[in-house]
Amino acid sequence: MFGISLEIWFVYSLIVLAVFLFVNKRISFDVTSLILLATLVVSGILTPAEGLSGFSNTATVTIACMFILSEGLRRTGALSIVGDWFFKLSQLNYRMAIFIIMMTIGVISAFINNTAAVAIFIPVIIGLSKDLGESASKLLMPMSFAAMFGGVCTLIGTSTNLLVDSIATENGLAGFGMFEFAPVGIIFFAAGFLYLFTMGINLIPERRKDQELTDTFEMQSYLTDVILNAQSPFVDTPLKNTKLIQDLDLDIVEVFDKDGTSKTDRESITLEAEDVLRIRGSVKEINKLLNREDVLIKPSEHWEDKDFEMGNAQLVEAVIAPESSYDGMPLRDIEFYELYEAQVLAIRQKGKVQQDKLSDIRLQSGTSVLLYAKKERVNDIKTAEEFVLATEIDVPDLNQSKIPVAIAIILGVVGTAALGLLPIVASAICGVILMILSGCLTNEEAYQSINWKVIFLLGGVLPLGVAMQKTGAAQLLADTVITNLEAFGPTAVLSAFFFLSMMLTNLISNQATAALLAPIAIEASTSIGVNAEPLLVAVTMAASLSFMSPIGYQTNTMIFGPGQYRFMDFVKVGTPLNLLFWIIGTFAIPLFWSF
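Note that the structure is a prediction, hence the values are computed from the model and not measured.

Caption draft 1: Summary view of the overall build of the protein. Helix and strand content of the protein: 25 helices and 9 strands. Against the 2.2 N^0.38 benchmark of 25 Å for 595 residues, the protein shows a C-alpha radius of gyration of 26 Å, consistent with a compact globule. Dimensions along the principal axes, computed over C-alpha positions, put the protein at roughly 90 × 55 × 50 Å. Per-residue burial for the protein yields a buried fraction of 59% across its 595 residues. Taking all contacts inside the protein whose residues are at least 6 apart in sequence as the whole, residues at least 24 apart take part in 79%. Within the protein, the 59 negative side-chain charges are centred at a point lying 5 Å from the centre of the 38 positive side-chain charges.

Here's what the structure looks like:
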């Protein structure tokens, strides 16, 4: 065993720093990963080739390909057809609808990126909840959990599975087959279903009610119409230059002429007498206009979403995506109108709605933003990697004639890898080529579909695992675990790795958890003389089954805002499920992967 050298202490310090930065989130996790990579190379612990090995890792390449394959399926509209089919569930009762939703999402998530599937179905589920007369929060959490259930059933179901498979093969192990995770994955799936139907559903609170967006974001007191008098000094002045609301925390949302027709192009609008200006702001700020003689305030008794659809714009709810570059940015630094021709009317964050002083708010993953956007730009918001749209819209650019081709390509990727005809990385690359050549998506769409933050995360954290093994830091941590648990047998060691992975993934990303713990698991198996596969499966499964926190897994983060959940909702519903899976994993995994 290695002694506790300076290099080991240095690596441990980097691990502590990494966990702190991942949890703190003041620095984006992809930047944190690059800091780790650069530090390891500059310090001399890793050579440049070893430091960059994460980017050439088969898991990194395969995961990038899976993003593209999932986007090809989405671009053709294959998932949207499933979404349309969901609306037929409104004729069923709530529990039957839940059953079908979870089964469908689970199966889909086993073969494509589960975050892509959840992003497609969030607005569908919200619409379905209205038809069923149920709170959307009672449907969104089961959908997110089912996506995680399905993700652990196949090698390509989640990036964690591919990552640990790559780490295993790089350490001389056999790796995992396409459906090798399925037996235990199906057990988890069945147990999760049983838990949700007997206990979990009753624990999920009814947070989101069947309301219009104006009511959901409590906008009734924050909107008013102002009529411009003929005597106003702002008549015949461009809207963009008007000082009507200067020094007030107010925004002009839209301008109508005296006949009620919307003036759509804000850049070219010239204010005229009797124009109606729709203004967003607090009652306190709006009241400051009362003393002006050049305007007449015309408050509405009740605002409805249709009041914002008279022009060429509409209200949409967008959620800040888990890996969005806007995560941690104050709203003032994001030019929403310049980028998307959209205005921010309100924000829901950490369960609270805020309608004024918006520029000071620092956005977070899972934050819901109420946008008033031009209709022709809504699809741009939907396809932007910064957002997950929670409002159902018609997508004009779906190429449904390519649906059979896209499905055939996905089946080909899975089939060739499952039969051992090609390694999964080669199969995935071939699939990407076919997606582009067949016209399912363009080159540009393929590049845009890759979540580069995840790629850079993998490129940075995988070398940390190499450094842990190279310096002996992984061996030392493994020996510490073994010293305390070896007397209880290898099952106790497996249980410890499952629990540690399960808890750590609630604080940092599932990929980072797997990259940190997989090398330690391999060293532990070597020390006690057992097969490494059961320990690696424990790490893999637990890292992808995070139910206790809205930040533990991407799909939970995506539903946090639209479901109007609170942090404790996940603790209350998810903790029993995680403990149940810990017990099941401890005893089920050794049945299929012997020590």
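Now that the structure has been shown, the text picks up again.
Caption draft 2: Region of interest: the sheet that holds strand 8 (residues 368-374). With antiparallel pairing, the 5 strands of this open sheet are ordered in space as 7-6-8-5-9. This sheet does not close on itself; its edge strands, each paired only once, are strand 7 (352-354) and strand 9 (387-389). Averaged over all pairs of adjacent strands, the angle between strand axes in this sheet comes to 35°, irrespective of strand direction. Bridge analysis of strand 5 (residues 313-320) against strand 9 gives 3 bridges, and the strand direction is antiparallel. Across the sheet, Val319 pairs through a bridge with Val388, a residue of strand 9.

Caption draft 3: Highlighting the sheet that holds strand 4 (residues 295-298). Ordered by their spatial adjacency, 4 strands build an open sheet running 2-3-1-4, and the pairing between neighbours is antiparallel. Of all the strands in the sheet, the pair left with one neighbour each is strand 2 (251-256) and strand 4. Ignoring which end each strand starts from, the neighbouring axes of this sheet average 30° apart. Alignment of strand 2 against strand 3 (residues 276-280), held across 5 bridges, turns out to be antiparallel. By the bridge assignment for strand 3, Phe256 is matched with Val276.

Caption draft 4: Up close: the packing of helix 9 (residues 137-151) against helix 11 (residues 182-203). For the pair helix 9 and helix 11, interaxial distance at closest approach is 9 Å and the crossing angle is 165°. By the angle between their directions, the pair helix 9 and helix 11 is classed as roughly antiparallel. For the crossing formed where helix 9 meets helix 11, the hand is right-handed. Contacts between helix 9 and helix 11 involve Lys138, Pro142, Phe145, Phe149 and Gly150 on the former and, on the latter, Gly185, Phe189, Gly192, Phe193, Leu196, Ile201 and Asn202.

Here is what the cut-offs are and how they apply
- Residues numbered from 1 in each chain as written.
- Predicted model: local features only at pLDDT ≥ 70, side-chain atom pairs only at ≥ 80, totals over all residues.
- Heavy atoms only, no water.
- Helix = DSSP H or I, 4+ residues; strand = E, 2+ residues; numbered from the N terminus.
- Rg over C-alpha atoms; globule rule 2.2 N^0.38 Å.
- Buried < 20%, exposed > 50% of the residue type's maximum accessible area, 1.4 Å probe, protein only.
- Contact = heavy atoms within 4.5 Å.
- Lys, Arg positive; Asp, Glu negative; His and termini not counted.
- Charge placed at Lys NZ, Arg CZ, Asp CG, Glu CD.
- Pairing = 2+ DSSP bridges.
- Axes fitted to C-alpha atoms, helices over the stretch in contact; angles between N-to-C directions.
- Parallel < 35°, antiparallel > 145°, perpendicular 65-115°, else oblique.
- Left-handed = near helix turned anticlockwise from the far one by under 90°.

Honestly, it's all geometry; don't read function into it.
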